[in-house]
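Coordinates in review
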Amino acid sequence: MSFTQFASQMFGVDKSKFKSWLWQMNNQIRDKKSCEKYFKLSPDEQEGFDKLNEIFNFGCSPYYAALIKKVEKESPKRAKSLRSQVLPHIQEAFDNEGVKDPLDEVLHSPVKEVVHLYPDRVAFCVAMLCSVYCRFCYRKRRDDEHIGLHYNRKIIANGVKYIAETPAIKDVLITGGDPFVASDEAIDYLLSQLRAIPHVEIIRFGTRVPVTMPYRITDDLCSVLKKYHPIWLNTHFNCVEELTDDACSSLKLLADAGIPIGNQSVLLKDVNDSYDAMKALCSKLIVNRVRPYYLFYPHLIAGTKHLRVPYKLGLDIIRKLRGKISGYAIPTYVIDTPSGKVPLYHNHILGEDKEDLLLEDLNQEIWREKKALKLS
Ligand SMILES: *Cc1c(COP(=O)(O)O)cnc(C)c1O
Ligand code: SF4
């Protein structure tokens, strides 16, 4: 049975309705009771719902719920990599070491929701809503406003004004929440405002909808985006199970609209914390014209301790990928800090010998690069 057939049956609607993103948003699963209609919750998840809903919203698109269910039928173990990203788990309640705003974004915002950390770039957090609320999200500080599918006008107006008055800003990253959980009109208006600023060179989006609600990527949306090139986009696939046919179709629409697509993953326990899992994900991303961009080591965010792994694991995974898959498929492993993203590399430099540089090559043998220290 095809995924769409399976999914529309699960929700008792016809396929075209299931594939409407507005239907998806209107039917977002938002509480324990509706979740139990579709899933057998473990005691830990049940307790998670009871104790955590006030701390961090639960929300899951019917699409992502159907994906979990479909994968679960084939392999409960693989489904865990999807389930743990969205379902609350009581472990979250036992972790109060983490913080809500790990990057001090509020401190770095000269006007509300414009994070100006690097001289030439800003992250503009225009959106409040998401199609799925990821348990490991580091923007849990997000405002709890209910504004439907529009952006907050005041945030847009003040943010656009700040960007227009700051000529150093060449690159605007539109993020959220999820900026594509908004109407085409809202997106069009925001882009028209930003494009009218002469010093803004590139505009990019950070969105998870290709992963969690791919039906949001429509021909109409692509027509809007295309008007404002150069537009770039980063999405957020964490495991290969998320690259469904529907997700890949949404990526095709974006790529065909001339939008370079990157992917930012978060290294998560039981989701992508192995060489095989990352290899499968990254190889399939490039087939879909998505360039793995960053692999983030997850911060100590309140409630996420049980999803973290030792940082060294990520380092080993990236090191092993080098030489094994296309260079395009290998992301940069980073830890985001309040002063910016810091890359973590395996050190291949063993030392220097007279005029030569000594390297550890990919077979873990010594390579002597002759006269690399100075030109002779
Ligand atoms: C990540 C980030 C950016 C973009 O950084 P790139 O390395 O250029 O992708 C810009 N501003 C903030 C505040 C960020 O966190
Ligand atoms: S889609 Fe992005 S902003 Fe929304 S909850 Fe997930 S990680 Fe956070």
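Residues numbered from 1 in each chain as written. Chains lettered and ligands numbered in written order. Predicted model: local features only at pLDDT ≥ 70, side-chain atom pairs only at ≥ 80, totals over all residues. Heavy atoms only, no water.

1. What to know about the sheet that holds strand E5 (residues 231–235)
The test is simple: Between any two strands, pairing holds if DSSP finds at least two bridges. Under the scheme used here, helices are H or I runs from DSSP no shorter than 4 residues and strands are E runs no shorter than 2 residues, and both carry numbers assigned from the N terminus.
Strand order in the open sheet formed by nine strands is E1-E2-E3-E4-E5-E6-E7-E8-E9, and the pairing between neighbours is mixed. One side of each edge strand has no neighbouring strand; the edge strands of this open sheet are strand E1 (114–115) and strand E9 (340–343). The sheet contact formed by strand E7 (residues 290–296) and strand E8 (residues 332–337) spans three bridges and is parallel. When the bridges of E8 are listed, Leu-295 appears paired with Tyr-333.

2. Observations regarding the site of ligand 2
Put simply, the rule is: The near set for a molecule or strand comprises every residue that places at least one heavy atom within 4 Å of it. Under the scheme applied here, ten amino acids are nonpolar (Ala, Val, Leu, Ile, Met, Phe, Trp, Tyr, Cys and Pro), four are charged (Asp, Glu, Lys and Arg), and all others, including Gly, are polar.
With respect to spatial proximity, eight residues lie near ligand 2, and among them Cys-130, Cys-134, Cys-137, Gly-177 and Arg-208 are the closest. Partitioned by chemical class, the residues of the shell around ligand 2 number five nonpolar, one polar and two charged.

3. Side note on the domain arrangement of the protein
A common way to report how large an interface is uses the accessible area buried once the components associate. Put simply, the rule is: Those domain boundaries reflect an automatic or database domain assignment.
Looking at the protein, the domain boundaries give domain 1 (3–94), domain 2 (114–343) and domain 3 (346–376). Centre-to-centre separation of domain 1 and domain 3, based on C-alpha positions: 51 Å.

4. Looking at the sheet that holds strand E12 (residues 366–369)
Going by this rule: Axis definition: a line fit to C-alpha positions, over the contact stretch in the case of helices; interaxial angles, taken between N-to-C directions, run 0 to 180 degrees.
Pairing within the open sheet is antiparallel, and its three strands lie in the order E10-E11-E12. Strand pairing shows two members of the sheet lacking a second neighbour, strand E10 (349–353) and E12, which therefore form its edges. Looking at each pair of strands side by side, their axes are set apart by 25° on average, direction ignored. Bridge analysis of strand E11 (residues 356–360) against E12 gives four bridges, and the strand direction is antiparallel. Bridge assignment links Glu-360 to a residue of E12, and that residue is Ile-366.

5. Quick word on the pairing of strand E3 (residues 171–175)
The side chains of a regular strand alternate, residue by residue, between the two faces of the sheet. Heads up, the rule is: Note on classification: 1.4 Å probe, protein chains only; a residue is buried when its accessible area is under 20% of the maximum for its type, exposed when over 50%, partly exposed between these limits. When the strands point away from the viewer and the path from the first strand over the helix to the second turns clockwise, the crossover is right-handed.
The buried count for E3 comes to four of five residues, which makes it a mostly enclosed element. Sheet topology note: the strand E2 (residues 121–125)/E3 ladder contains five bridges and is parallel. Looking at the pairing, Phe-124 lines up with Ile-174 of E3. Across four bridges, the pairing between E3 and strand E4 (residues 202–206) is parallel. Residue Val-172 lies in a different strand from E4, and its bridge partner there is Ile-203. In terms of handedness, the path from E3 via helix H9 (residues 184–195) over to E4 forms a crossover that is right-handed.

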